[in-house]
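Summary of structural features
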Amino acid sequence: MLSMSTFSAASDAGWSAAAVARDLRPQTYGTARAERVRDPIVEPLWVGIRVLAAVDRGVVALLENGEPLTEHPEIDVAVADAVIAQAVVLDGFVIRASMYDRTGVDADPELATTTSTGFLKQSLLGRRRNIRAEAEERARFETAARAFEPDERAQFVAVDLLWVDGVSLVEVPLLERKRLLDSVLRESTVVRPGTYVRPPVSSWIGSWRGFGFSGVTYKAANGRYRPGGVKDDWIVTPMPRR
C-alpha cells in the first residue's frame, strides 16, 4: 500500500480518487427542526474526526478539510482491505472505539459529564431547543472525541458514498447512496458502515444511548449531497429521552 508520504506524487500521477477527494468538502448540518426533514433517514450521531477517505486500487488517503490525516495508519490498511470497488470516495469518521462500547459514555468520565450536563440537557428537561447552546456543547464534545490517547484503538465509520469507479454520486438520492455504500464495503473490526433506520426510531433510542451516542441525525432520504454546503435537510438533535 502507498504511504501518505507519497500522497502528492500519487495524485500528480493521476490517482483520481485522491484528486476528487481533495476538491470535496463534507456537507454540514443545518439548523431547522427535525420534523421539517421530509422522509428522513435517522442515524445516531457519530463524533470524531470527520474525513473523506479516498481509495484507489489499494491506495488510501484520509483527508480532513482537504489535508492528509496521517495519525492513524492502521485505518488506511483496514479501509484498503474493506473496499470492494476499485476506487471510491467515502464520507465518514475516525472515532475513538472506547466511546462506543456497551458501557456507553460512562466509560469516559469527561465525556459523560459533557454529555449529561450540556448536550442532552434540552431533551432531558423538555425545554425549548437552544440551537446556539447545542452547537457550542456539541463542539466541546467533538473536541473531547478527537483527543485520542496513546495506543488507543481507532475505527473508521463510513456514513456516505460520494464517488465510485469514476462516477460522482453527489446528485444521487441519499438512500440510494446508502445502499451502494453497503455493496462496496466489507465490515470488519476496524471499518464499518454507519447504522441508519427509518422512523419510527423509539425502539432504537435505548440501545443508541447505551452505546454512547449523544445525538441523532435526520437526513432527507431523497436529498442530494452538497460538498462543503449547509442544508436544512441534514439536522442534528440531542438524543431523545426515550
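Structure: see above.
The present account deals with the structure reproduced in this document. (Residues numbered from 1 in each chain as written. Predicted model: local features only at pLDDT ≥ 70, side-chain atom pairs only at ≥ 80, totals over all residues. Heavy atoms only, no water.)

1. A few points about the pattern of salt bridges
In the structure shown here, the tally under the stated rule is eleven salt bridges. A salt bridge links aspartate 39 to arginine 198, with the shortest nitrogen-to-oxygen separation between them at 2.1 Å. Of this pair, aspartate 39 sits in the loop between strand 1 (28-29) and strand 2 (40-44) while arginine 198 sits in the loop between strand 9 (191-193) and helix 8 (202-210); the two residues are 159 residues apart in sequence, bridging distant segments of the chain. Residue classification places aspartate 39 among the partly exposed residues on the basis of a relative accessible area of 48%. For arginine 146, the salt bridge is made with glutamate 64, and the minimal N-O distance between the two is 2.7 Å. Here the residue arginine 146 occupies a position in the loop between helix 6 (131-145) and strand 7 (154-164), and glutamate 64 occupies one in strand 4 (residues 59-64), the gap between them amounting to 82 residues. Connected through shared salt-bridge partners, Glu43, Lys178 and Lys219 make up one network. (Salt bridge = Lys/Arg side-chain N within 4 Å of Asp/Glu carboxyl O. Helix = DSSP H or I, 4+ residues; strand = E, 2+ residues; numbered from the N terminus. Buried < 20%, exposed > 50% of the residue type's maximum accessible area, 1.4 Å probe, protein only.)

2. Concerning empty space enclosed by the protein
A water-sized probe rolled over the atoms picks out the places where empty space is left. In the structure shown here, the tally under the stated rule is one cavity of 30 Å³ or more. Put simply, the largest cavity is a space of about 50 Å³. Going through the elements one at a time, strand 2 and strand 10 (215-220) are the ones with two or more residues in the lining of the largest cavity. Along the lines of polarity and charge, the residues of the lining of the largest cavity split into six nonpolar, one polar and two charged. (1 Å grid on protein atoms, 1.4 Å probe; cavity = no way out; pocket = protein on both sides within 12 Å on 5 of 7 lines; lining within 4 Å. Points joined across faces, edges and corners; volume = space filled by probe spheres on them. Nonpolar A, V, L, I, M, F, W, Y, C, P; charged D, E, K, R; others polar.)

3. Examining helix 2 (residues 16-23)
Within helix 2 the residues assigned to the buried category are Ala17, Ala18 and Ala21. End-on, the buried residues of helix 2 take up no more than an arc of 100 degrees, which puts them together on one face. (Arc of directions from axis to C-beta.)

4. Topic: the layout of surface pockets
The volume enclosed by the largest pocket comes to roughly 430 Å³. If you go around the largest pocket, you meet 16 residues; those closest to its centre are Thr28, Gly48, Arg50, Phe93 and Glu142. At the level of elements, strand 1 and helix 6 are the ones that each hand at least two residues to the lining of the largest pocket. Residues of the lining of the largest pocket, tallied by class, amount to seven nonpolar, three polar and six charged.

5. Remarks on the sheet that holds strand 2
In space, the three strands of this open sheet follow the order 2-10-12, with antiparallel pairing throughout. Here the strands that pair on one side only, and so sit at the sheet edges, are strand 2 and strand 12 (234-238). Within the sheet, the average angular offset between the axes of one strand and its neighbour, ignoring direction, is 25 degrees. Taken together, the five bridges between strand 2 and strand 10 define a ladder with antiparallel strand orientation. Among the inter-strand pairings, proline 40 is bridged to a residue of strand 10, identified as alanine 220. Against the sheet, helix 7 (residues 174-184) makes contact with strand 2, strand 10 and strand 12, and its axis sits at roughly 50 degrees relative to strand 2, the strand it touches most. (Pairing = 2+ DSSP bridges. Axes fitted to C-alpha atoms, helices over the stretch in contact; angles between N-to-C directions. Contact = heavy atoms within 4.5 Å.)

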